[in-house]
There are 8 protein chains.
Amino acid sequence: MTNDALTELLSEIRDGSVSVENGIERLRDLPYMDLGHTKFDLHRALRNGFPEVVYGEGKTPEQVGEIFTRMGGHANILATRVSREMADHVLSVCPDAEYNAMGRALTLARKPIAYREGEIAIVTAGTSDLGVAEEARVTCEMLGSHARVTSDVGVAGIHRLLDRLDDIRKARVIIVIAGMEGALSSVIGGLVSQPIIAVPTSVGYGASFSGLSALLGMLTSCASGVTVVNIDNGFGAACAACKINNL
Amino acid sequence: MTNDALTELLSEIRDGSVSVENGIERLRDLPYMDLGHTKFDLHRALRNGFPEVVYGEGKTPEQVGEIFTRMGGHANILATRVSREMADHVLSVCPDAEYNAMGRALTLARKPIAYREGEIAIVTAGTSDLGVAEEARVTCEMLGSHARVTSDVGVAGIHRLLDRLDDIRKARVIIVIAGMEGALSSVIGGLVSQPIIAVPTSVGYGASFSGLSALLGMLTSCASGVTVVNIDNGFGAACAACKINNL
Amino acid sequence: MTNDALTELLSEIRDGSVSVENGIERLRDLPYMDLGHTKFDLHRALRNGFPEVVYGEGKTPEQVGEIFTRMGGHANILATRVSREMADHVLSVCPDAEYNAMGRALTLARKPIAYREGEIAIVTAGTSDLGVAEEARVTCEMLGSHARVTSDVGVAGIHRLLDRLDDIRKARVIIVIAGMEGALSSVIGGLVSQPIIAVPTSVGYGASFSGLSALLGMLTSCASGVTVVNIDNGFGAACAACKINNL
Amino acid sequence: MTNDALTELLSEIRDGSVSVENGIERLRDLPYMDLGHTKFDLHRALRNGFPEVVYGEGKTPEQVGEIFTRMGGHANILATRVSREMADHVLSVCPDAEYNAMGRALTLARKPIAYREGEIAIVTAGTSDLGVAEEARVTCEMLGSHARVTSDVGVAGIHRLLDRLDDIRKARVIIVIAGMEGALSSVIGGLVSQPIIAVPTSVGYGASFSGLSALLGMLTSCASGVTVVNIDNGFGAACAACKINNL
Amino acid sequence: MTNDALTELLSEIRDGSVSVENGIERLRDLPYMDLGHTKFDLHRALRNGFPEVVYGEGKTPEQVGEIFTRMGGHANILATRVSREMADHVLSVCPDAEYNAMGRALTLARKPIAYREGEIAIVTAGTSDLGVAEEARVTCEMLGSHARVTSDVGVAGIHRLLDRLDDIRKARVIIVIAGMEGALSSVIGGLVSQPIIAVPTSVGYGASFSGLSALLGMLTSCASGVTVVNIDNGFGAACAACKINNL
Amino acid sequence: MTNDALTELLSEIRDGSVSVENGIERLRDLPYMDLGHTKFDLHRALRNGFPEVVYGEGKTPEQVGEIFTRMGGHANILATRVSREMADHVLSVCPDAEYNAMGRALTLARKPIAYREGEIAIVTAGTSDLGVAEEARVTCEMLGSHARVTSDVGVAGIHRLLDRLDDIRKARVIIVIAGMEGALSSVIGGLVSQPIIAVPTSVGYGASFSGLSALLGMLTSCASGVTVVNIDNGFGAACAACKINNL
Amino acid sequence: MTNDALTELLSEIRDGSVSVENGIERLRDLPYMDLGHTKFDLHRALRNGFPEVVYGEGKTPEQVGEIFTRMGGHANILATRVSREMADHVLSVCPDAEYNAMGRALTLARKPIAYREGEIAIVTAGTSDLGVAEEARVTCEMLGSHARVTSDVGVAGIHRLLDRLDDIRKARVIIVIAGMEGALSSVIGGLVSQPIIAVPTSVGYGASFSGLSALLGMLTSCASGVTVVNIDNGFGAACAACKINNL
Amino acid sequence: MTNDALTELLSEIRDGSVSVENGIERLRDLPYMDLGHTKFDLHRALRNGFPEVVYGEGKTPEQVGEIFTRMGGHANILATRVSREMADHVLSVCPDAEYNAMGRALTLARKPIAYREGEIAIVTAGTSDLGVAEEARVTCEMLGSHARVTSDVGVAGIHRLLDRLDDIRKARVIIVIAGMEGALSSVIGGLVSQPIIAVPTSVGYGASFSGLSALLGMLTSCASGVTVVNIDNGFGAACAACKINNL
């Protein structure tokens, strides 16, 4: 609740145009919508600059379907971690939703998205990182930033990266996605001046420990100014990148 | 090496104004300066937008002293993780350096710093996080962004944070510094729309495991768009924040 | 074995009303019932104030079915971690049992439960924590305390929590259930004076490490007086809460 | 801020006895005191039922000394993790403070403490756990509950524990402190019906991993209703115990 | 190869009754049998006092079947970690083998087993530990020691254990099997003077971390003289117990 | 790009036989082939001495099939971590590929392989390590080195190893593959003078922690000169061994 | 309390030779001695077959000194983890104690020790393991078993071990002490038929992780029948070995 | 003991030129020298191709001094992990030893070292890795291979590495030393065809976890054919590199 809104409300109470009881209620009455299983925060968009986001894992197809049908008139919706089975159900009740199978993301964009200038570069070390990259790309698009994916430019073939560097440098923000040793963010971090958000992925086996090696590698990157999000969290990286691009 | 520079160099070779041998050498001759123990990259500032940075830990006072005296004429210098003893030595050979004891940072700024508009907010959960906060603040200032520290607004007394929220919201980028459970970044992340960079600190004992609890807490933050740097890495958070503020 | 019982038994031996051989046996004869696979402790209720509890995981449906049919006449029964398949079998042999699918709990309450005054608040950060919350709620009810669940009030939307605070404060004990960074217990801990029992959940991915991040976060909570139980242990939290409510 | 206080303030604004500007300020003006390095929350006692608490680690003797001299007139003070050196300084500027060397706790109690009925039992497995036990005992006393320490009754000599059981059972709440395998809380948990708060300690070597073995052991206790706090956190256990005893 | 055998062989070479070439071969020719996928060491029984043992996991039913049919005439066989499916195959080709489903052990004992005096006690904390207990029991029997299982005497109901103590004390060696906090070995260790071998089990969830909590708890047992084997390793514990019983 | 190539290119530019624009392009134009999902580096063989390698995990059968049909004319191909299902598909579209089921490797060798002199010994501790051994063996063969597998010579039967030692010593490089405690590399390391590459395997259970115990054991080997690769990484060990054999 | 003692006591109560009150007291009155800081269990020797043992770490020199002077008349004493400084103090107040500096053990043996037949072999991998070996040796001697140390026979020089094997085989029980990869217990386990107790040591650096590598290696030993104690726990290994030797 | 030696010995026994008793002894009499605290293996050089190596940590200056004076006539000696204090003592008793302070290595080379052709490149990411690099370099020289150190070419400034690449490529084997994210080995691995041995270092803080991040990063390197040694193990890397160079 902003300062201005508070000033206005208190003035109305003083004027008597809002009763004390009503004032309490309004101070209370925060703008969310309760679906029973989920509380929806309709004004979050205003507050954080984001549309409604649904984390699909741990929800039933029916719950997500209800969210899309009930909320779809009020706001654009992005659902992440959506299995093919869940997508099929939602599409059956909400046919204008769109499913991105590689990124496991389901979107509904009935309201036009106002795109900002400035592109976000999404760079992956290997082809196995593409699922996370797609989650990030779809999220960027839903949040109003254009994004482009450059894939398979891992550090063991440094020339592949150098070859694409000029393209990457055109972006305002760079998301770097890598598993295994996660070294790509350090190398790119030494070659560009843009903010870099690193996403470790759970790609790999053995001492990768489900993404731990990449996570630690990115956190201890010798390139200054690299920040990191959770393992496989393409969505979170995109949120951060869009907040930066919105500046 | 930029595209333009490459074009120019190749043109000069074609014109004969640069010999082939010389061309090879120039393609080789990357712009750094070798002090024996350390290679300095004089043009890094141009490339990354940063002054020279020295990581004090693991270096001798003499090595850092030499860096300050030899490099101080060419670039501003920021040395981090500088002990009191190291600082005393450097100040004895380079008296116009300045030591920030709480942030363990040593700076030399003979060249004027061009400050950008827009402030960076540095918010800490407890007073024990102030050392990391000072490292971040000094770094921001050296990199050309003004920064302000708000301390001791941890989540166990949420009203202390709410009280300072309007101030915090004035910043373009927010650095959140917390040890223990590292929850502050999640709470602030839900209240503001700016990019947030979270710094876990090694403050705490027992199950804090030297910052691991805060690190994991920040990485799994339920507030979308929070990015994380290494434990106690106030410097890295400031680098990232300044790159964002430079946009 | 209490002091009084010991005094009485020894007196009877001295009087000759109990033989030495018999005395040894009675000192031995602790009040449990042996089903072969499981030893049941019929007087545990007296000793600990709890009904019989069965941990379903690792048992066969047949074993649990036998427990319900054999023990159901002697005591109320609460079985936790009961799969749908196990529940179906038990219900087929013991039709008056009740299955709570979300909480994966099976109950049989042929004896009336004497409810204490005072309510237990069960608060969850996200909708994915509801299974653990239901396990806790059912346990509370079986142990004689009323409980109410408030869900989806995680710290990234702090206003949703503040809105429900008055309700939460009406309880005598508060169980806080959260995955990811587990910050909810710290925030509530700073806002109420009741005892708080925190339950980390395995909700999340990547650096959540199956609940480790929430566990560490809750253990290092900056709010004093928060205690913690095992990951996903809604049952244990409820036991502790009821012991407190029984005071 | 309570509901009542809000109602009253809004009524005053409606009446005109409080101006809008003033109302904003009062809603803002949360009751803490700023010492520069530390923000003190004078009304926390009211809100949480606790006196002021200072965590000594990471603070300078001078800072803690200032807190005692500045705050000592307003509230009782408990400082934990206070080294002998820090204690000496504080006692030199605040001679009526008291230092408990074993518990590393410094207290100042100029205001009379109102003790509740009901005792808290503090039980330790070994003599090496006595420091944590003392921290817990002093904290209980400062928070208004009497506490008694029973030490060296670890599970490898179960008869020593059984011998003391009647005494332990007289308490309303039991704090169990143990390092190594932390089994004491399970054994006591099976013998009493009171709430038990377990404190793992960092006593031990090798596979104790600085308290990790005891922590995991207590969290996975087969005795239902045991809750756990951070390693060596005698203070936190006492806070929780007193909150329970206050009911 | 023992000293005596070496002396004899060298004497035979000196006498000319064994040629040099033959001597080399015999020094080489160690007594095992090669099935291609597995090398079998027929004299291991002599050297280590054990029959042939097959670790079923990672082998195909066909491989284990071949071992039983090929080796069954030379030695008794014990196969551990045998699934129901593998057992069915082996029984189809070797009908006199016996399958212990709970202990997942398959045995073939065509040669009479010479039993030593002295019994091994196998004690479990919970019913879920019975699979590991059965693996241990079957192994003991195959190795020539009688074993008896006492189950479900975990420390949270200490009287159940005390009740069975006299029986347990009759054994020469005690195997203690427990998951969760693994405290049972400490308690028994303080009550008996026999050698104790502790087996942590992977029973449990959350902070049990698949047996890690019990493993650490047993390793740090405050009862002196408890030794530990790998998680769920009932076989290894039985081997050690039988080696001791053979003394 | 080698020094010579650079000299030649620059000379051609000076001569005008290559235009500046073309020069830029050629400096850029690195020799790989883009299949959309995967970038192929056709000259990697020249640069690193290896054929094309495909990591099967995380790819679809169709993608791998396309790689074999499209790339098979240009280079030999080795695909690792190939499931039976994936192999079936590839063989249906590329019938002259060969599948090694135990090593889960798929190969296509239309171009003759030039074998170097010198053999690589692959030694395994147990039969369960054979899958990793086969992956290593197939890789060696594809990279131009002959390899021989010696299996089931683990340290608990040291004579089995000593018996095979002369054979093992004939190799130029030794790959040692072991799970559990991984001790085999230390023992062999003390007996031979060849370079040893150790591969920990995920064979085992409990405290093996999916290969961690073997990995740590091999890294801390008391035999000097043992180097280690990732858990189960037979392919990587073979690559290293062949690079050494190529010297 | 044994069965016989219980029978006797109950008979006396029936006979009237022991009053009921007295009987209660005697059942209660467990035979330990309370020094304030430490409870001493004078009859533990009878119950567990051990003399009094003091764990020096975490105690003050004065406390240990008091234990030696007060308890020295009642029982032999063994104190472990005794620093030079602590030893000096104890020797000043109890001059007939003996300090073993390498094993950091302090002993007082005023009562004659009755030695059993049968020797315990203590075998170390490296010279750095000698401290732990000495702790084990002194403990064995105090517990009534002769012990002999064979050092520096690590697996990287297998012939050194084979050379000493006949000596080692003469023992009834073998304690194997090793750091780093801890492989020695597996190799010896395959060569002898005696019970083996393995002690991992914290010798090493890096991936040794303070003994973790050796601990995991020993727990996952491929030699059956090896049991393990805590890192650096020479005392515990000796206790177990003596319990076995006492059979 | 080689096959030839065995043949010869057995022939001598047959001939009677060696008695049976003597034969046993000679089979026993392995060629090492016992200094009490350390067993020295004089023929290890023959067997493994190495001089005598002493690991200084955990030894006293006097022990190392004795080794140098006693063994110095028989073999060259390399002592690693030698503190300045230890070096001073050894130099006082063995003045022709040489101390390399940065590499903490002490050498005595009275016998001429026969150098092989072929150089070993030692490449470090940062200046803080120089200590490990020096340990590796000195070891290489003692083992008969020339080595050259290239330092401070970490991946965050990729051009510094590319600039030195031609030099690095001249070596036969490459040792790559890096802390933090350890990415340097992946980048070099993609640029050269030589065998690469990677050494993670404990340089760094926070999520470096004392070298764990670099260790995991190097083990999961996406460049095939990189092998890894223990954290900070410059000595081990050099041993492996020299074994390779000796081929």
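Definitions and limits used
Residues numbered from 1 in each chain as written. Chains lettered and ligands numbered in written order. Predicted model: local features only at pLDDT ≥ 70, side-chain atom pairs only at ≥ 80, totals over all residues. Heavy atoms only, no water. Helix = DSSP H or I, 4+ residues; strand = E, 2+ residues; numbered from the N terminus. Buried < 20%, exposed > 50% of the residue type's maximum accessible area, 1.4 Å probe, protein only. Contact = heavy atoms within 4.5 Å. Areas by Shrake-Rupley, 256 points an atom, 1.4 Å probe, with all protein chains shown as cover. Axes fitted to C-alpha atoms, helices over the stretch in contact; angles between N-to-C directions. Parallel < 35°, antiparallel > 145°, perpendicular 65-115°, else oblique. Left-handed = near helix turned anticlockwise from the far one by under 90°. Nonpolar A, V, L, I, M, F, W, Y, C, P; charged D, E, K, R; others polar. Pairing = 2+ DSSP bridges. Expected span 1.5 Å × (residues − 1). Least-squares fit on C-alpha atoms with pLDDT ≥ 70 in both. Buried area = accessible area lost by both parts, 1.4 Å probe. Domains from an automatic or database assignment. Salt bridge = Lys/Arg side-chain N within 4 Å of Asp/Glu carboxyl O. Polar contact = N/O pair within 3.5 Å; in protein donor to acceptor, adjacent residues only side chain to side chain.

1. Notes on the overall build of chain A
Part 1 of the argument: Counting its secondary structure elements, chain A contains 10 helices and 11 strands.
Part 2 of the argument: For chain A, the residues scored as buried account for 62% of the 247 residues in total.
Part 3 of the argument: Restricting to contacts in chain A with at least 6 residues of sequence separation, those with at least 24 account for 66%.
Part 4 of the argument: In the form shown here, chain A has an accessible surface area of approximately 8300 Å², with 49% of it arising from carbon and sulfur atoms.

2. A few points about the packing of helix H10 (residues 212-219) of chain B against helix H9 (residues 212-219) of chain C
Part 1 of the argument: Remark: H10 of chain B packs on H9 of chain C, axes separated minimally by 8 Å, with the N-to-C direction vectors making an angle of 125°. With respect to H9 of chain C, the axis of H10 of chain B lies oblique. Crossing geometry of H10 of chain B relative to H9 of chain C is assigned as left-handed. Mapping the contact onto sequence places Leu212, Ser213 and Leu216 of chain B in H10 of chain B and Leu212, Ser213 and Leu216 of chain C in H9 of chain C.
Part 2 of the argument: Along the lines of polarity and charge, the residues of the contact of H10 of chain B with H9 of chain C split into 4 nonpolar, 2 polar and no charged.

3. A look at the sheet that holds strand E6 (residues 105-108) of chain D
Residue and element names in this part refer to chain D.
Part 1 of the argument: Here we have 4 strands laid out as an open sheet, ordered E3-E4-E6-E5, and mixed in their pairing. Of all the strands in the sheet, the pair left with one neighbour each is strand E3 (52-55) and strand E5 (98-100). Across the sheet, the mean angle from the axis of one strand to that of its neighbour is 20°, orientation sign disregarded.
Part 2 of the argument: Pairing of strand E4 (residues 77-80) with E6 involves 3 bridges; the strand directions are antiparallel. Residue pairing in the sheet places alanine 79 in a bridge with leucine 106 of E6.
Part 3 of the argument: Across the sheet, helix H4 (residues 61-71) is in contact with E3, E4 and E6; its angle to E4 comes to roughly 170°.

4. Comments concerning helix H7 (residues 158-169) of chain D
In an α-helix, one turn spans 3.6 residues, which is why side chains three or four residues apart end up on the same side.
Part 1 of the argument: With 12 residues, H7 of chain D ought to run about 16 Å at 1.5 Å a step, and its terminal C-alpha atoms sit 16 Å apart, in line with that.
Part 2 of the argument: If you check which residues of H7 of chain D are buried, you get Ile158, His159, Arg160, Leu161, Leu165 and Ile168 of chain D.

5. Overview of the relation of the copies chain G and chain E
Part 1 of the argument: Aligned on chain E, chain G shows an RMSD of 0.1 Å; the corresponding rotation is 180° and the shift along the axis is 0.0 Å. Such a combination of rotation and displacement between the chain copies is what one expects of a two-fold axis. Among all C-alpha atoms of chain G, that of valine 228 of chain G lies closest to the rotation axis, at 2.4 Å.
Part 2 of the argument: Of the residues that chain G buries at the interface, 100% are likewise interface residues in chain E, meaning the two copies contact each other through the same surface.

6. Quick notes on the interface of chain G and chain E
Part 1 of the argument: Contact residues are listed per partner, giving 33 residues for chain G and 33 residues for chain E.
Part 2 of the argument: For the pair chain G and chain E, the summed buried area comes to about 2700 Å², and 55% of that belongs to carbon and sulfur atoms.
Part 3 of the argument: On the chain G side of the interface with chain E, the three residues burying the most area are Leu219, Lys243 and Leu247 of chain G, jointly 22% of the side's total.
Part 4 of the argument: In terms of residues, the side of chain G that touches chain E owes the most to one element, helix H10 (residues 234-245) of chain G, which gives 6 residues.
Part 5 of the argument: The residue makeup of the side of chain G that touches chain E, split by class, is 16 nonpolar, 12 polar and 5 charged.

7. Focus on the environment of alanine 223 of chain G
Part 1 of the argument: Within the secondary structure, alanine 223 of chain G sits in the loop between helix H9 (212-219) and strand E11 (226-228).
Part 2 of the argument: Overall, alanine 223 of chain G belongs to the buried group, its relative accessible area being 6%.
Part 3 of the argument: Spatially, the C-alpha atoms of alanine 223 of chain G and serine 186 of chain G are 5.0 Å apart, while their sequence positions differ by 37 residues.
Part 4 of the argument: For alanine 223 of chain G, the residues in contact, after removing those within four places along its chain, are Ala156 of chain F together with Ser185, Ser186, Gly189 and Gly190 of chain G.

8. A word on the domain arrangement of chain A
Residues and elements named next belong to chain A.
Part 1 of the argument: For chain A, the assigned domains read domain 1 (32-108) and domain 2 (116-246).
Part 2 of the argument: With centres defined by C-alpha atoms, the gap from domain 1 to domain 2 works out at 25 Å.
Part 3 of the argument: In this complex, domain 1 contributes 15 residues to the contact, which on the side of domain 2 involves 14 residues.
Part 4 of the argument: Overall, the association of domain 1 and domain 2 removes approximately 1200 Å² of surface from exposure, summing both partners, and the carbon and sulfur fraction of that is 72%.
Part 5 of the argument: Put simply, arginine 81 and glutamate 135 hold a salt bridge, and the shortest N to O gap is 3.8 Å.
Part 6 of the argument: The interface formed by domain 1 and domain 2 holds 2 residue pairs in polar contact (both at pLDDT 80 or more) in total.
Part 7 of the argument: If you list the elements that add at least two residues to the side of domain 1 that touches domain 2, you get strand E4 (77-80) and strand E6 (105-108).
Part 8 of the argument: Counted by class, the side of domain 1 that touches domain 2 contains 8 nonpolar, 6 polar and 1 charged residues.

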